[in-house]
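# Close look at the chain arrangement
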Amino acid sequence: MSRLPRNRYSIALLAAGTRALLMLLLSVPLGLEAQTALPSSDIADKSIEELMNIDVTSVSRKDQKLSKIPAAVYVITREMIERSGANIIPDLLRMVPGVQVAQVEANRWAISVRGFNDIYSNKVLVLVDGRTVYTPSFSGVYWDQLDIPLNTIERIEVVRGPGGTVWGANAVNGVISIITKSSQDTKGGLISAGAGSQQTADYLVQYGGAIGGAAYRAFGHYSSFGNLQTPQGFSGNDRWSMRHGGFRSDWNPSGKDSFMAEGNVFQTDGGQMLPGATLSAAKLTNSGGDILASWSHKNSDRSDGVLQVYDTYYSRFDSGIREKLNTFDLDYKRHTAVGSRNDIVWGIGYRYTSDSLRPSDGLFGTLPLLGVSVTFNPPAKNYSLFSAFVQDEIRLAENLSLTVGSKVEHNAFTGFEYEPSARLAWSLPNSQTLWLAASRAVRQPSRYDTALDVALPLIPVGPGISLNQQTWGDPNFRTETLRDYEIGYRISVSSRVLLDFTGFYSFYGDLESVELVTPQVNFTPGGILVSSALQYGNSLSAQNYGAESSVTWNAASRWKVAGSYSWLKANVYGPSVESSIRELSAQNPLIAQLVSTGAVQGILKGSDTFTNNLAEGSVPRHQFSLQSYLDLTTRLSFDNSLYFVDTLPARDVPAYARFDSTLGWKIRKGITASLVGQNLLSPHHLEFGNVEQAIATETNRSIFGKVVWSF
Amino acid sequence: MRGRTLFWRRAPWALTLILLGLPLLGAETLTEKKVKAAFLYNFAKFVQWPAGSLSSSRQPFVFCTLGATPLGGTLDEVLQGKTIDDHPLLARHLASLASVNGCQVLFVSAPKDGGAFTFPANLRLPGLLTVTEAESKNQVCKNGAIITFVLESNRVRFVIDDKAAQKVGLVISSKLLSLALPAGK
């Protein structure tokens, strides 16, 4: 008796056999009402009450509007958020095509769009209700600072591709926009309590009401996560907890004006394991808050404007550096329809940033790499950003529209920057849309690019030879640029299936690079001193291309299936540290000897951050996800997600598959319970691998249960 | 490579759980259009037209539709062989608003790009039950229709403007009013 051969055919047989069995089981009445096809004449005999109970699931009109947008948009709806089994935003983003989500530690993620993924990935803009949650210190996002209770999120819109024209610099590869529910929709009390094997606690208390015509909600949220383990099996010291309180208020005094205000305060407490000659445990903590207010005014059906102001502050202790950041932002956007063919949106904005980046060896930890000096020159900086944009959607014909526009910014590092784009949307019959886009986007220099100064202690590399190794930022660091060309096609088939395809070719220039400054050899009375430095620069360029697709299938009134697939090939060009060293070694035997020592090899491996291979090999070639949302009965729901992420060749991270399963139970009106199993296919797996700044730990199989009581 | 083998070994279990909904395939969900057509017929049963609206009992009771995405053939199928107060029922699709005379019920579908249709004053004719559809309750009170369909949790609901009905001489039964959604602000 032989085992089943493990190939595609046996899987198909297994699936078919199981399906037959299930059909048998589920045909036994379990309170399920089988809906059979009804000819129209039978409908006419139904009473009004019966008609009111019929489920008419189909592609919504909002989906139809979305289908005409000339950009690669993916919307994570409220329903998908509730049923995904995710408790944190990084896990929600895994289903989006073109987005790479890799957990590095329990409290750190490497998340990017269309490549260039890194713990400090710097080409994606993330917004919450229009507020930028992006840190100019490294042009990226600290995902452990972003705690938004998932039940307060209305939807998440992910746009892959440059969003520079409307959103400004740093929306190079994409924009992730998180929109919270209006407080008009969250009235009443809500208490949610959950605990699990990896997320050890998740408590939320929320209350919403109205004072006069103004609605409000206030909440307090506590969540905590346990340690994960490194591949070698020891603790990553990355246990952490988050305390967060916030409010939102919405007031629509008339049909013409509406006001919104929201605020948050948060604090996290946790740890990390820092790489170095010896691994050392260190603290990783955050505290901060923000406040935002906006006023929308509608002049007429054809013209409206929004004025928004916000201020955010945080203080973070990470890798031995105390970082403080304060941002003030004032923004005005206006939309006007002009004539019968033009729809113009324009805006102006001002942002003032004040930061401080200083090494700290206070009570919470000494600089782990003993004797390493990490400083920023200047340690504190105040800078302003002025921006203006205009965009016109021109209706060329009944079903053809051209959107052109540009953003102009003046930043404190590089002066004026321009981000123009042109997009064409063509509506074809039978619910099809074809769109084309060409855009330019930029990434401004960050404080790490321009101000970093790292000095390692003297390293003995041989008898009488020591190495003085430094890393320097570049005060004249230039803006990274992107010229991007995209094509997209969408079709809605039989009102139940939505298909979406996107292809892109991106040309990057002036990409961040690390180069070797020619080492100097000094013969001193004490011995030979070799001084070498790695210098940040803009010497890399890249040509990335790929395709993304997604499908949504409303298979039955109780069953919805969604899937996505992404393919990406990155090609990065330019000088690398390895090639410089090879050249130098060939020219100078002393250098060659130095390079072969263990100490120098260790440094070189650690400084690989911006080399071509790493940039190319840090993203998976293929990514695939499949979700099934099934209502077993009116009270019981069973939702499953399957993900496949291909290998990260430059990081020695093998391909992995992940399966999450959620069982939801409406116990009675106002009380729901859910049980989630995450990462059920393997006990643990690595998603990103070690980086210069952190020792990676493995994501593990976990279970989580939650009860939500609303009143 | 190890990861890819793992996927093909473990994934079948995951796939069967995902395909658990397969038995439900083939069970047809009724489309929005069919349900709305059935509603129109039912509305007519629960509304009283002013005396003299229809000259004789032979005269058909006419349901008119207008707009880019009309109810089409489904309305014909629903009305086939039915009567209201012994009047035969007829469905007519109008080319323009001008030919609205002779309609007892007028359904205007929502414009393709969203939003709602607003009934101009000259369409609020005596003895004409105006019906349209909107995306949300908020668009309802400004559109001048007597009944507006909205979708709530994938189910067809409706909002009734009783004052507008009274102005044109139509009396809506209290049963129908009780089943309607309360009008939004």
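Every value quoted in this text rests on a predicted model; they were computed, and no experiment measured them.

### So, the overall build of chain A
A tally of helices and strands in chain A yields 12 helices and 35 strands. Counting every position in chain A, which comprises 711 residues, the buried fraction comes to 42%. Pairs at least 24 residues apart make up 64% of the contacts formed inside chain A by residues separated by at least 6 positions.

### Looking at the overall build of chain B
Looking only at helices and strands, chain B features 5 helices and 9 strands. Listing each helix as α and each strand as β along chain B from the N terminus yields α-α-β-β-α-β-β-β-β-β-β-α-β-α. Relative to its full complement of 185 residues, chain B shows a buried share of 40%. Long-range pairs, those at least 24 residues apart, make up 62% of the contacts in chain B with a sequence separation of at least 6.

### A few points about the packing of helix 9 (residues 577–587) of chain A against helix 10 (residues 589–596) of chain A
All names here are of chain A. One way to put it is that helix 9 packs onto helix 10 with a least axis distance of 5 Å and a crossing angle of 130 degrees. Taken together, the axis directions place helix 9 and helix 10 in an arrangement best described as oblique. Regarding helix 9 and helix 10, the two cross each other, and that crossing is left-handed. Mapping the contact onto sequence places Ile581, Leu584 and Ser585 in helix 9 and Ile591, Ala592 and Val595 in helix 10. Of the residues contributing to the contact of helix 9 with helix 10, the split by class is 5 nonpolar, 1 polar and no charged.

### Let's talk about the confidence of the model for chain A
Residue and element names in this part refer to chain A. Confidence in the prediction of chain A, expressed as mean pLDDT, is 85, and 88% of residues score 70 or more. Here residues 1–39 scores under 50 on pLDDT; set against residues more than four positions off or in separate chains, the count is 30 contacts. Confidence over residues 362–369 falls short of pLDDT 50; this stretch has 16 contacts with residues more than four positions distant or in other chains.

### Considerations on the environment of Asn101 of chain B
Looking at where Asn101 of chain B falls in the secondary structure, it is placed in the loop between strand 4 (87–93) and strand 5 (105–108). Once the C-alpha coordinates of Asn101 of chain B and Phe39 of chain B are considered, the two residues, 62 residues apart in sequence, prove to be 22 Å apart.

### A word on the pairing of strand 21 (residues 432–443) of chain A
Residues and elements named next belong to chain A. One ladder, built from 8 bridges, connects strand 20 (residues 415–428) with strand 21; its direction is antiparallel. By the bridge assignment, Ala425 is partnered in strand 21 with Trp435. In this structure, the hairpin formed by strand 20 and strand 21 is closed by a connection of 3 residues, where Asn430 is found at a positive phi of approximately 60 degrees. Across 12 bridges, strand 21 lies against strand 25 (residues 480–493) in antiparallel orientation. Its bridge partner lying in strand 25, Ala437 is registered against Glu486.

### Details of the pairing of strand 7 (residues 174–180) of chain A
Residues and elements named next belong to chain A. Among the 7 residues of strand 7, 5 are classified as buried, and the element is accordingly described as predominantly covered. Relative to strand 7, strand 4 (residues 124–128) runs parallel, the two sharing 5 bridges. Bridge assignment links Leu125 to a residue of strand 7, and that residue is Val175. Here strand 6 (residues 153–160) runs beside strand 7; their pairing, made up of 7 bridges, is antiparallel. Looking at strand 7, one finds that Arg155 is bridged to Ile179.

### Observations concerning the environment of Ile465 of chain A
Residues and elements named next belong to chain A. Tracing the chain through its elements places Ile465 in strand 24 (residues 465–472). Accessibility expressed as a C-beta count within 10 Å gives 17 for Ile465, which makes it partly exposed. For Ile465, the contacting residues outside a window of four places in its chain are Gly527, Ile528, Val530 and Leu594.

### Concerning the sheet that holds strand 7 of chain A
Residues and elements named next belong to chain A. If you trace the 5 strands from one edge of the open sheet to the other, you get 1-6-7-4-5, paired in mixed fashion. Because the sheet does not close on itself, it has two edges, and the strands there are strand 1 (72–76) and strand 5 (131–132). When strand 4 meets strand 5, the two strands line up antiparallel, connected through 2 bridges. Across the sheet, residue Leu127 finds its bridge partner in strand 5, namely Thr132.

### Description of helix 2 (residues 32–45) of chain B
Look at helix 2 of chain B: 20 Å from first C-alpha to last across 14 residues, which is about the 20 Å you get at 1.5 Å a residue. Counting buried residues along helix 2 of chain B, 13 of its 14 residues qualify, which places the element largely inside the surrounding structure.

### Observations concerning unusual backbone geometry
Residues and elements named next belong to chain A. Here the bond from Asn377 into Pro378 is cis, since omega is 10 degrees, no more than 30 degrees from zero. Tracing the sequence through the fold places Pro378 in the loop between strand 17 (373–376) and strand 18 (380–397). Unlike most non-glycine residues, Ser319 shows phi in positive territory, near 55 degrees. With respect to the secondary-structure elements, Ser319 resides in the loop between strand 14 (303–318) and strand 15 (321–338).

### Some details on the sheet that holds strand 4 of chain B
All names here are of chain B. Taken in spatial order, the 7 strands of this open sheet run 3-4-2-5-6-7-8, and their pairing is mixed. Both outer strands of the open sheet, strand 3 (83–84) and strand 8 (155–160), are each paired with one neighbouring strand and no more. The strands touched by helix 2 within the sheet are strand 2 (61–66), strand 3, strand 5, strand 6 (129–133), strand 7 (147–152) and strand 8, with strand 8 carrying the most contacts at an inclination of about 35 degrees.

### As for the confidence of the model for chain B
Residues and elements named next belong to chain B. The predicted model of chain B has a mean per-residue pLDDT of 79, with 82% of residues at 70 or higher. The lowest-confidence element of chain B is helix 1 (residues 2–18), averaging 68 in pLDDT; the highest-confidence one is strand 9 (residues 171–172), averaging 91. Quick note on the complex model: pTM equals 0.81, ipTM equals 0.78.

Quick notes on the rules
- Residues numbered from 1 in each chain as written.
- Chains lettered and ligands numbered in written order.
- Predicted model: local features only at pLDDT ≥ 70, side-chain atom pairs only at ≥ 80, totals over all residues.
- Helix = DSSP H or I, 4+ residues; strand = E, 2+ residues; numbered from the N terminus.
- Buried ≥ 20, exposed ≤ 12 C-beta atoms within 10 Å, placed from the backbone.
- Contact = placed C-beta atoms within 7 Å.
- Axes fitted to C-alpha atoms, helices over the stretch in contact; angles between N-to-C directions.
- Parallel < 35°, antiparallel > 145°, perpendicular 65-115°, else oblique.
- Left-handed = near helix turned anticlockwise from the far one by under 90°.
- Nonpolar A, V, L, I, M, F, W, Y, C, P; charged D, E, K, R; others polar.
- pLDDT = per-residue confidence, 0-100.
- Pairing = 2+ DSSP bridges.
- Expected span 1.5 Å × (residues − 1).

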